[in-house]
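# Inside the fold
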Amino acid sequence: MVEHPELREKPLAITQKNIVVTCNYVARKFGIKKLMLIKDAMKLCDHLVMVRGERLEKFRKASRKIWECVCERLEGCSYRIERSGLDEIFLDLTQVCNDRVGEDTDKRFDFATQFVSDLRRAIFRECGFECCAGISTSKLGAKIAVNMKKPNAQTTLRDIFPMLLPLKLERVYGIGRKTCQIIRSSLNWTKDELHVRDCLSLSKSKLEQILSSPKLASYVFLAVRGVDLTSVNHETSWEFKTLSVGDTMRRLETLESVSLYLKSMAEDLLKRIDDESDGRVPTLLTLKVRFIATDSSISRTCSSKMPIEISQSLRVDASERANLLYVVFEREARESHFDTSFTHITRVAYTTHNALSY
């Protein structure tokens, strides 16, 4: 929509293969949702505009631009920042509030609210992107708040507990669908949905028994009561240690079809390496493959030293470099006996391990 303003008021979906991976709010008014099949989305809105989103270079560049805009506004402040995916940033403004307004709670909330409002305006002015924001006392609270007013607004939430109780458990930050399914199964839950309020009777020891993870059980026990002790991870930034491209595809039944896929992915990986280049040189390549088994999936991995020709400094032709990546992976795959099991592959991923390490 930034590139094509004429699409802003039209129902718009970004697609990958046969799936809607995201859509604008105009499309959502028709009932279209993330991860919906394209054919189902078209039934809801026959004039839906679809843009292919397999290549993420533009999204990554936009995300980096927003990140840099935020960091620039925070220069001279003591803060913590965490990048979560392409479209989300957590900010811990505790120390900024301490420095600017002291310990008065009302003043702290007022300051944070104005600070974030100014930040959102800067992002729109300099990057062209609208965004929403949630201000609270924890990451959990901020996640609840950010979902209250979308797409271009912000919410300050001091007391999260009343807003938390009616939420579906899987909507709670840090819990997710899989954990929710385990809890539902253990409780023999017969209702269609499991909400936060339904879990308040679960003791910490019961959750440990259900989830087989004391750490996760402790988080869930506190989260359903509105308590989140996790900190903003300041180590999460744009200095990647690994770069990867991967894809889940329909059944591939011949080695030739897999080879064509690997060639395409080699080009994608090379583009990522070049786009993310900051002077550091990739050192190791890894190929990960997941196969369909009778009742489960099997993953295999092989690695190889990164060819020196991949370094941009040598100015080797891009197509030659991509082909070299493919040749290395194909050799490693055959030496690892992948060729005997290439039938029914469900996922292939290239990874440059320690890709940007000196």
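One structure accompanies this document, and this report is about it. Each chain has its residues counted from 1, following the order in which its sequence is written. Given that the model is predicted, a residue must reach a pLDDT of at least 70 before its local features are reported, and side-chain atom pairs must reach 80 or more before they are shown or counted; all residues, however, enter totals for whole chains, interfaces and linings. The side-chain figures draw on all heavy atoms in the structure; neither hydrogens nor water molecules are used.

This next bit is on the overall build of the protein. Only DSSP runs of H or I covering at least 4 residues are called helices, and only runs of E covering at least 2 are called strands; the numbering of each starts at the N terminus. When helices and strands are tallied, the protein shows 12 helices and 12 strands. A total of 358 residues make up the protein; the buried ones form 39% of that total. We call two residues contacting when some pair of their heavy atoms lies within 4.5 Å. Of all intrachain contacts in the protein linking residues separated by at least 6 positions in sequence, the fraction that spans at least 24 positions is 58%. As presented, the protein carries roughly 20500 Å² of accessible surface, and 50% of it is formed by carbon and sulfur atoms. Buried residues are those whose accessible area, probed at 1.4 Å on protein chains only, stays under 20% of the maximum for their type, while exposed residues exceed 50% and partly exposed ones sit between those limits. Surface accessibility follows the Shrake-Rupley procedure with a 1.4 Å probe radius. Residue values consider only the protein chains on display as shielding.

Salt bridges are defined by distance alone: a side-chain nitrogen of Lys or Arg within 4 Å of a carboxyl oxygen of Asp or Glu. Summed over all chains, the structure comprises 10 salt bridges. In this structure, the salt-bridge partner of Asp-106 is Arg-158, at a minimum N-O distance of 2.6 Å. Of this pair, Asp-106 sits in helix α5 (residues 105-127) while Arg-158 sits in the loop between β8 (154-156) and α7 (161-164), and the two are 52 residues apart along the sequence. Because the salt bridges share partners, they merge into one network encompassing Glu-72, Arg-73, Arg-125 and Glu-126.

Looking now at the sheet that holds strand β4 (residues 49-52). A strand pair is defined by DSSP finding two or more bridges across the two strands. Strand order across the open sheet formed by 4 strands is β3-β2-β1-β4, with mixed pairing between neighbours. Every other strand in the sheet has two partners, leaving β3 (36-37) and β4 as the edge strands with one partner each. In this sheet, strand β2 (residues 19-23) lies alongside strand β1 (residues 12-16) in antiparallel orientation, the contact comprising 4 bridges. Each bridged residue has a counterpart across the sheet, and for Ala-13 the counterpart in β2 is Cys-23.

Residue Pro-151 is bonded to the preceding Lys-150 through a cis peptide linkage, with omega at 10°. Locating Pro-151 in the fold gives a position in the loop between α6 (139-146) and β8. In this model, Lys-17 sits at a positive phi of 55°, which is unusual for a non-glycine residue.

Packing of helix α3 (residues 57-73) against α5 leaves a shortest axis separation of 10 Å and a crossing angle of 135°. By the angle class used here, α3 and α5 are oblique. Once α3 is placed against α5, the crossing between them reads as right-handed. Between α3 and α5, the residues in contact are Lys-65, Ile-66, Cys-69, Val-70 and Arg-73 and Phe-115, Leu-119, Ala-122, Ile-123, Arg-125, Glu-126 and Cys-127, respectively. To define axes, lines are fitted to C-alpha atoms, for helices over the stretch in contact only, and angles between the resulting N-to-C directions are given on a 0 to 180 degree scale. By definition in this entry, angles of less than 35 degrees are roughly parallel, angles greater than 145 are roughly antiparallel, angles of 65 to 115 are roughly perpendicular, and the rest are oblique. Take the far helix as the reference: if the near one is turned anticlockwise from it by less than a right angle, the crossing is left-handed, and if turned clockwise, right-handed.

Moving on, we come to the pairing of strand β6 (residues 89-92). In this structure, strand β5 (residues 80-83) lies alongside β6, joined through 4 bridges in antiparallel fashion. The residue bridging Arg-83 from the neighbouring strand is Ile-89, located in β6.

The next subject is the environment of Gly-141. Along the chain, the position of Gly-141 falls in helix α6. On a C-alpha basis, the gap between Gly-141 and Gly-226 in space is 7.6 Å, while along the polypeptide they are 85 residues apart. Apart from residues no more than four positions distant in its own chain, Gly-141 is found in contact with Ser-136, Leu-157 and Ile-160.

Looking now at helix α10 (residues 214-223). Residue pairs spaced three or four apart in an α-helix point in one direction, given the helix's 3.6 residues per turn. All of the buried residues in α10 are Ala-217, Ser-218, Tyr-219, Val-220 and Ala-223. Tucked into the core, α10 has its buried residues touching α6, α7, α8 (176-187) and α9 (204-211).

Turning next to the packing of aromatic side chains. Here the aromatic set is Phe, Tyr and Trp, taking the six-membered ring for Trp, and pairing holds for ring centres within 6.5 Å; pairs whose planes are under 30 degrees apart are stacked, those over 60 apart are edge-to-face, and all others are tilted. Under the counting rule described, the total for this entry stands at 2 aromatic pairs. Each ring, one from Phe-111 and one from Phe-115, has its centre 5.8 Å from the other, and the planes form 40°; the classification is tilted. With a gap of 4 residues between them, Phe-111 and Phe-115 both fall in helix α5, about one helical turn apart. For the pair Phe-111 and Phe-115, a shared accessibility class is recorded, and that class is buried. Here, over-ring charges are defined by two tests on the NZ atom of lysine or the CZ atom of arginine: distance to the ring centre within 6 Å, and angle to the ring normal within 35 degrees. The ring of Phe-90 carries the charged tip of Lys-139 above its face, separated from the ring centre by 4.9 Å. Directly above the aromatic system of Phe-221 lies the positively charged group of Arg-225, at a separation of 3.9 Å from the ring centroid.

A few words on the packing of helix α4 (residues 94-101) against α5. Where α4 meets α5, the axes come as close as 10 Å, and the angle between the chain directions of the two elements is 115°. Comparing the axis directions of α4 and α5 gives the class roughly perpendicular. α5 is crossed by α4, and the crossing has right-handed handedness. Listed contacts from α5 to Thr-94, Val-96, Cys-97, Asn-98, Arg-100 and Val-101 of α4 are Lys-107, Arg-108, Phe-111 and Ala-112.

A few words on the nonpolar core. Joining through side-chain atoms within 4.5 Å is the link that ties buried Ala, Val, Leu, Ile, Met, Phe, Trp, Tyr and Cys residues into a set, and such a set is a nonpolar core. Counting residues in hydrophobic clusters, the biggest one holds 23 residues, and the most contacted among them are Leu-169, Val-172, Ile-175, Ile-183, Leu-207, Leu-211 and Val-220. Counting residues per element, this core draws most heavily on α10, at 4 residues. When neighbours within four sequence positions are excluded, Val-172 is seen to be in contact with Leu-140, Leu-164, Val-196 and Ala-223. Counting residues in each nonpolar core, the second largest holds 21 residues, with Val-70, Cys-77, Phe-111 and Leu-119 among its members.

In a helix, the anticipated span is given by 1.5 Å times the number of residues less one. For α3, with 17 residues, the first-to-last C-alpha span of 25 Å sits near the 24 Å given by 1.5 Å per residue. Burial in α3 covers these residues: Glu-57, Arg-60, Ala-62, Ser-63, Trp-67, Cys-69, Val-70 and Cys-71.

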